[in-house]
Protein chains: 4
Amino acid sequence: MTQIIVRGYHLDGYQHVNNARYLEFLEEARWDCMSDDIDYFTQKKIAWVIVNVNINYRQPALLGQHLVFDTQISKLGSKSGVVSQVIRCRETDNVIVDALVTFVLFDMKQNKALALDGQLLEKLVSCQGKLAALSKV
Amino acid sequence: MTQIIVRGYHLDGYQHVNNARYLEFLEEARWDCMSDDIDYFTQKKIAWVIVNVNINYRQPALLGQHLVFDTQISKLGSKSGVVSQVIRCRETDNVIVDALVTFVLFDMKQNKALALDGQLLEKLVSCQGKLAALSKV
Amino acid sequence: MTQIIVRGYHLDGYQHVNNARYLEFLEEARWDCMSDDIDYFTQKKIAWVIVNVNINYRQPALLGQHLVFDTQISKLGSKSGVVSQVIRCRETDNVIVDALVTFVLFDMKQNKALALDGQLLEKLVSCQGKLAALSKV
Amino acid sequence: MTQIIVRGYHLDGYQHVNNARYLEFLEEARWDCMSDDIDYFTQKKIAWVIVNVNINYRQPALLGQHLVFDTQISKLGSKSGVVSQVIRCRETDNVIVDALVTFVLFDMKQNKALALDGQLLEKLVSCQGKLAALSKV
């Protein structure tokens, strides 16, 4: 499970983790929990392209806090999917951030977004299952 | 008007501006067009705290493109406001990103979000007017 | 001449611009003052690859300060060159940062560093002259 | 031991980890291996302020590589110290980056750099010992 400790360089002038930095944290968590499957997409030249992020900043995260992440694939549509992510503070168990991240799978050879069906959908459903299992640990 | 040229260090492995970087771009544009009014809030120890960002990534921005920004205060509620921002590519006139950024004004002395009324609301309405005027240039 | 205003998101937990951020500022200034010549290198698939940075942090830069940049090519060797950069605060005229940035020109087609001679050296000498002229303004 | 996996958002337009990002990596490694001692300095309002970084970029780091860090306090002078850091790629065992990071300890109450003597020097020598022991594992 991804864990990030809040460091001085994550903070901004308000002494909180800056709003932009959380998007890097969320991306880190997505790469991390998908690590077994990254090669599959890389080899096929398929990019995970973010088309929307809807992020709630619930509580500021402070220096030294341990942030833990829950990452789920919450929706698989015909052309796009949604990753649902929550960041909690391990010390307080407060939700720091929750976010819905909508993605398309983009074929970099054909230069177009792919339909999420057939073998590709199977792969995504398998990823979805792994992430769900991970969150039960 | 804020303008940012896309540099190599803004890109990620997909050769596009990374999704997190745009939140810094949007923050830069907000600071930039509010520059006359920053002191007012700083002196009163009032922080603009972001509580939600809903951002659409419409088109990738590429190396060397000139990004221009439109920043408006689109809503002022009793406790929170919304800044509406659009990033366009000057060369293609395409919308690259549009975003709704919901903020509260946080009193760092009293450690609480402020009601948007009275003198504070007047100030915000005045900012709103300046931004609207700016976008007509 | 490149100018960057220090924003809240540039600061870290010490309320100063973070040490890593200056390297982005220096890169921005290099791209900015080389803007007429970027295409030359891009078209030839020549990358400016940084091999060493020696950076002195002289004074902290604070929220709202205007940073101005002086960028010179201070040395052209047979295989590498040195860009000498100084960041000053416009308000105080203090030096904030000075840095020597050693680069090689890397041919991305042949996958090797290029000798700085012939037409390439002429190009670099011309860049050097432009930068020197710029700093006299 | 700090380990960072190279992600897409660490790369720049050349598909290598960007030169500025390494300074965040180095800062992460310093915080990480000093974690038991951070409170000591924080409680006394003593900031580790970086005054010089001399960093060699030996090899580009690529997507998916595991970077491991060696962090040592290589010198303790009367007013400043030097942290010596090396980043290696676990897969190739190549040195990616080595750096000397010169710091002063800055008293944020008195607003001045502290002499590295007495109890403070003892603390630093103890940190030095711990880091040396860590690197032998």
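The structure displayed is predicted, hence computed values, not measured ones.

About the thresholds
Residues numbered from 1 in each chain as written. Chains lettered and ligands numbered in written order. Predicted model: local features only at pLDDT ≥ 70, side-chain atom pairs only at ≥ 80, totals over all residues. Least-squares fit on C-alpha atoms with pLDDT ≥ 70 in both. Contact = placed C-beta atoms within 7 Å. Helix = DSSP H or I, 4+ residues; strand = E, 2+ residues; numbered from the N terminus. Nonpolar A, V, L, I, M, F, W, Y, C, P; charged D, E, K, R; others polar. Pairing = 2+ DSSP bridges. pLDDT = per-residue confidence, 0-100. Buried ≥ 20, exposed ≤ 12 C-beta atoms within 10 Å, placed from the backbone. Axes fitted to C-alpha atoms, helices over the stretch in contact; angles between N-to-C directions. Parallel < 35°, antiparallel > 145°, perpendicular 65-115°, else oblique. Expected span 1.5 Å × (residues − 1).

J.: Help me understand the relation of the copies chain A and chain B, please; the structure alone is not making it clear to me.
T.: One copy of the chain maps onto the second through a rotation about an axis and a displacement along it. For the pair chain A and chain B, the relating rotation is 180 degrees, the translation along its axis is 0.0 Å, and the fit reaches an RMSD of 0.0 Å. What the superposition gives is, in effect, a two-fold axis relating one chain to the other. The position closest to the rotation axis in chain A is occupied by the C-alpha of asparagine 54 of chain A, lying 2.1 Å away. Same-surface contact between copies: 100% of interface residues of chain A are shared with the interface of chain B.

J.: Which parts of the structure should I look at to understand the interface of chain A and chain B?
T.: The accessible area lost on association of the parts is a frequent measure of interface size. Opposite the 15 residues of chain A that make contact, chain B presents 15 residues. Breaking the side of chain A that touches chain B down by element, the ones donating at least two residues are α1 (19–33) and β2 (46–57) of chain A. The greatest single-element share of the side of chain A that touches chain B, amounting to nine residues, is contributed by β2 of chain A. Each residue belonging to the side of chain A that touches chain B can be placed in one class, and the counts come to nine nonpolar, four polar and two charged. When β2 of chain A meets strand β2 (residues 46–57) of chain B, the two strands line up antiparallel, connected through five bridges. Considered in β2 of chain B, the bridge of isoleucine 55 of chain A is made with valine 53 of chain B.

J.: Just checking my understanding: could you explain the confidence of the model for chain A for this structure?
T.: For residues with low pLDDT, the predicted coordinates do not support detailed interpretation. On average, residues of chain A carry a pLDDT of 94, and 99% of them reach 70 or more. Taken over the whole predicted complex, pTM reads 0.95, whereas the ipTM for its chain interfaces reads 0.95.

J.: Looking at this structure, how should I read unusual backbone geometry?
T.: Working note: non-glycine residues mostly have negative phi, and peptide bonds are mostly trans. Phi at lysine 45 of chain A takes a positive value of approximately 55 degrees, unusual for a residue other than glycine. Within the fold, lysine 45 of chain A resides in the loop between α2 (38–43) and β2. Using a count of 11 C-beta atoms within 10 Å as the deciding quantity, one classes lysine 45 of chain A as exposed. A positive phi angle, close to 60 degrees, is found at asparagine 111 of chain D, a residue other than glycine.

J.: Help me understand the environment of isoleucine 5 of chain C in this model?
T.: Residues and elements named next belong to chain C. Residue placement: isoleucine 5 occurs in strand β1 (residues 3–5). On the neighbour-count criterion, isoleucine 5 (16 C-beta atoms within 10 Å) is partly exposed. Between the C-alpha atom of isoleucine 5 and that of valine 68, which follows or precedes it by 63 residues, the distance is 8.9 Å. When neighbours within four sequence positions are excluded, isoleucine 5 is seen to be in contact with Gly64 and His66.

J.: Explain the packing of α1 of chain A against helix α1 (residues 19–33) of chain B to me, please; I cannot follow it from the model alone.
T.: Helix packing geometry: the angle between the two helix axes and the distance between the axes. Closest axis-to-axis distance for the α1 of chain A/α1 of chain B pair is 8 Å, and the angle between their directions is 175 degrees. By the angle class used here, α1 of chain A and α1 of chain B are roughly antiparallel. In this structure, α1 of chain A uses Asn19, Ala20, Leu23, Glu24 and Glu27 of chain A to contact α1 of chain B, whose residues at the interface are Asn19, Ala20, Leu23, Glu24 and Glu27 of chain B. For the contact of α1 of chain A with α1 of chain B, the residue count by class is four nonpolar, two polar and four charged.

J.: What should I look at first to understand helix α1 (residues 19–33) of chain D in this one?
T.: One full turn of an α-helix is made of 3.6 residues, so residues set three or four places apart face in the same direction. For α1 of chain D, with 15 residues, the first-to-last C-alpha span of 22 Å sits near the 21 Å given by 1.5 Å per residue. Of all 15 residues in α1 of chain D, 13 are buried, a share of seventy percent or more.

J.: What am I meant to see in the interface of chain C and chain D here?
T.: On the side of chain D, 15 residues touch chain C, which itself brings 15 residues to the contact. Taken together, the elements giving at least two residues each to the side of chain C that touches chain D come down to α1 (19–33) and β2 (46–57) of chain C. Residue contributions to the side of chain C that touches chain D peak at nine residues, all from β2 of chain C. When grouped by side-chain class, the residues that make up the side of chain C that touches chain D number nine nonpolar, four polar and two charged.

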